[in-house]
Amino acid sequence: MSNLREECGLFGIFANKTMDVAHTTYYGLFALQHRGQENCGIVVNDDGVFTSRKDVGLVEEVFDADGLSELGLGNMAVGHVRYGTTGTSTRANSQPMVVNHHKGHMAIAHNGNLVNAYELRHELELEGSIFHSSNDTEVIAYIITKERIKSGSIEEAVEKSMDKLEGAYSLVIMSPSKMIAVRDPYGFRPLLYGMRDDGTYIIASETCALDAVDAKYIRDLEPGEIVVFSADGINSIKTHCNKAPHKICIFEYLYFARPDSEIEGVSVHMARMRAGACLAKEHPVDADVVIGVPDSGLSAALGYAKESGIPYGFGFIKNKYIGRTFIAPGQSNREDKVMIKLNVLKDTVSGKRVVLVDDSIVRGTTIARIIKRVREAGATEIHVMSSAPPFMNPCYYGTDIDSRDNLIACRLTTEEIAKEVGADSVGYLEIDHLNELIGTEVGEGYCHACFSGEYPTKEPTTTEKDRFEHKISERK
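Since the model is a prediction, treat every value here as computed from it, not as a measurement.

1. Re the confidence of the model for the protein
Across the protein, the average pLDDT comes to 90, with 89% of residues at or above 70. Note on residues 324-331: pLDDT under 50 across the span, and 30 contacts to partners over four residues away in sequence or across chains. Note that residues 467-476 has pLDDT below 50 and, in this model, 23 contacts with residues that lie over four places away or in other chains.

2. Quick look at the packing of aromatic side chains
Taken as a whole and assessed by the stated rule, the structure comprises 14 aromatic pairs. Ring geometry for Tyr255 against Phe256: centres 5.5 Å apart, planes inclined by 55°, an arrangement best described as tilted. Comparing Tyr255 with Phe256, the two get one shared label, buried. For the pair Tyr396 and Tyr455, a centre-to-centre distance of 4.9 Å together with 35° between the ring planes defines the contact as tilted. A residue pair is termed long-range when its members are at least 10 positions apart, and Tyr396 in the loop between β21 (381-386) and α14 (408-411) and Tyr455 in the loop between α17 (449-452) and α18 (467-474) qualify at 59 residues. Since its relative accessible area comes to 8%, Tyr396 is described here as buried. Taken together, Phe251, Tyr255, Phe256, Phe391 and Phe451 form an aromatic cluster joined through their ring pairs.

3. Comments concerning the pattern of salt bridges
Across all of its chains, the model carries 20 salt bridges by this definition. Linking Lys160 and Glu156 is a salt bridge whose minimum nitrogen-to-oxygen distance equals 3.0 Å. With a gap of four residues between them, Lys160 and Glu156 both fall in helix α6 (residues 154-161), about one helical turn apart. According to the relative accessible area criterion, Lys160 is partly exposed, its value standing at 32%. Close ionic contact of Asp260 with Arg258 constitutes a salt bridge, the shortest N to O distance being 2.6 Å. Where salt bridges share partners, they join Arg35, Arg189, Glu206 and Glu252 into one cluster.

4. Regarding the sheet that holds strand β17 (residues 289-292)
The strand order across the open sheet formed by four strands is β17-β20-β21-β22, and the pairing between neighbours is parallel. At either end of the open sheet lies a strand with only one pairing partner, and these are β17 and β22 (425-428). This sheet shows a mean twist of 20° between the axes of neighbouring strands, independent of strand direction.

5. Observations concerning the nonpolar core
Phe251, Tyr304, Tyr397 and Phe451 are the most contacted members of the largest nonpolar core, which totals 50 residues. Breaking this core down by element, the ones donating at least two residues are β14 (247-249), α8 (251-256), α9 (268-282), α10 (298-308), β20 (353-358), α16 (435-438), β23 (445-447) and α17. If you tally residues by element for this core, the top one is α9, at six residues. Listed in part, the 28 residues of the second largest apolar core include Ala15, Tyr26, Phe63 and Ala204.

Calculation criteria
- Residues numbered from 1 in each chain as written.
- Predicted model: local features only at pLDDT ≥ 70, side-chain atom pairs only at ≥ 80, totals over all residues.
- Heavy atoms only, no water.
- pLDDT = per-residue confidence, 0-100.
- Contact = heavy atoms within 4.5 Å.
- Phe/Tyr/Trp six-rings, centres within 6.5 Å; stacked < 30°, edge-to-face > 60°.
- Buried < 20%, exposed > 50% of the residue type's maximum accessible area, 1.4 Å probe, protein only.
- Helix = DSSP H or I, 4+ residues; strand = E, 2+ residues; numbered from the N terminus.
- Salt bridge = Lys/Arg side-chain N within 4 Å of Asp/Glu carboxyl O.
- Pairing = 2+ DSSP bridges.
- Axes fitted to C-alpha atoms, helices over the stretch in contact; angles between N-to-C directions.
- Core = buried A, V, L, I, M, F, W, Y, C linked by side-chain atoms within 4.5 Å.

Here's what the structure looks like:
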């Protein structure tokens, strides 16, 4: 159970007839709730008329039966669940964002983080643009809108805009007549599409959302690809493909994605199983039981148990009704919610030497609380295994790691970390084994900058999550 916050989840639906696209989008967002638990929203398109509802909260909190009914029918809709890596959690920062311009309307939903957002926003402000939010999605919306005024089509405007955008961005964009899916040239964040038996197309961040609405997976977008859905069918634009090395975020497999999803043809569950198996080879210990921290540590724990021959045990009961563990204000409040969310099964650990597998160790505070509870339940030894390497660097592409200051691996050795969190030993996945998770060459095809410091793009000049709020206050 990492201290990291998720990114965002995207969902889009394009139908060949008017239907209840709002409910379909609602189900898709439920499947993607793990990707963002701060804000959510849906925009429905009924023959060019956009109806929007968005707010702070979980999907079930923002949308009730009446709220969904008010969105009405349509043939297109865009949905979004958000954890913001740029901008605080307010209604103004909720997505999808709707823009009204000279040539019509546009709704846009974004997953990722631009490394040049600060510079682009400053440039736009000098040209007279007025910003109503403090996230980088509005920057993208303005860039596309500027190009749309000068372009013959929305897809042409998107294609030109990509020359200016740097960093991670997967986008779902809706115009009055078209749905557009976009993936940045590095392919940092996943985006794919599928189709239902009635010919309705579904765009989503993960395959689990396709499963939730009974759609069959077709394919992932290529890095740099633009896919246009319209009454004329599907059109793929690959102008920006093969312009950068492929760098899918490896942490999608380790933590972000649901285990029942597949990303670029790789099962997330199996990737985590392989991570656990690698840990068992790298860090063998004498123990009586292997347990995993729900949810993303479970598959890795199974992999460790299978490879080591140590029995797997059901170690925790998870309270499924504590939804927003990672967005409680203040670290101590967040830790308290973690403890409410998890309870240890004493019969599994009492009197036993325990291997405790988690997806990562970031600041060390949460795992320390979990270890304390496992000891109180009677464990005689606790050996912590992280299915991710040590976090040593900020992430600029959509993960909530904006400083080295609070990363425990930056200030302590592995032995010192074990002592600080109360474990008998700590083991991390070796960075050179990340490729075994997804079947690539070492260091090829995935981004591991948060572990290695090897960034595929330039580093941003300003990195604080609330940098645009600071920008506003400095001018007062």
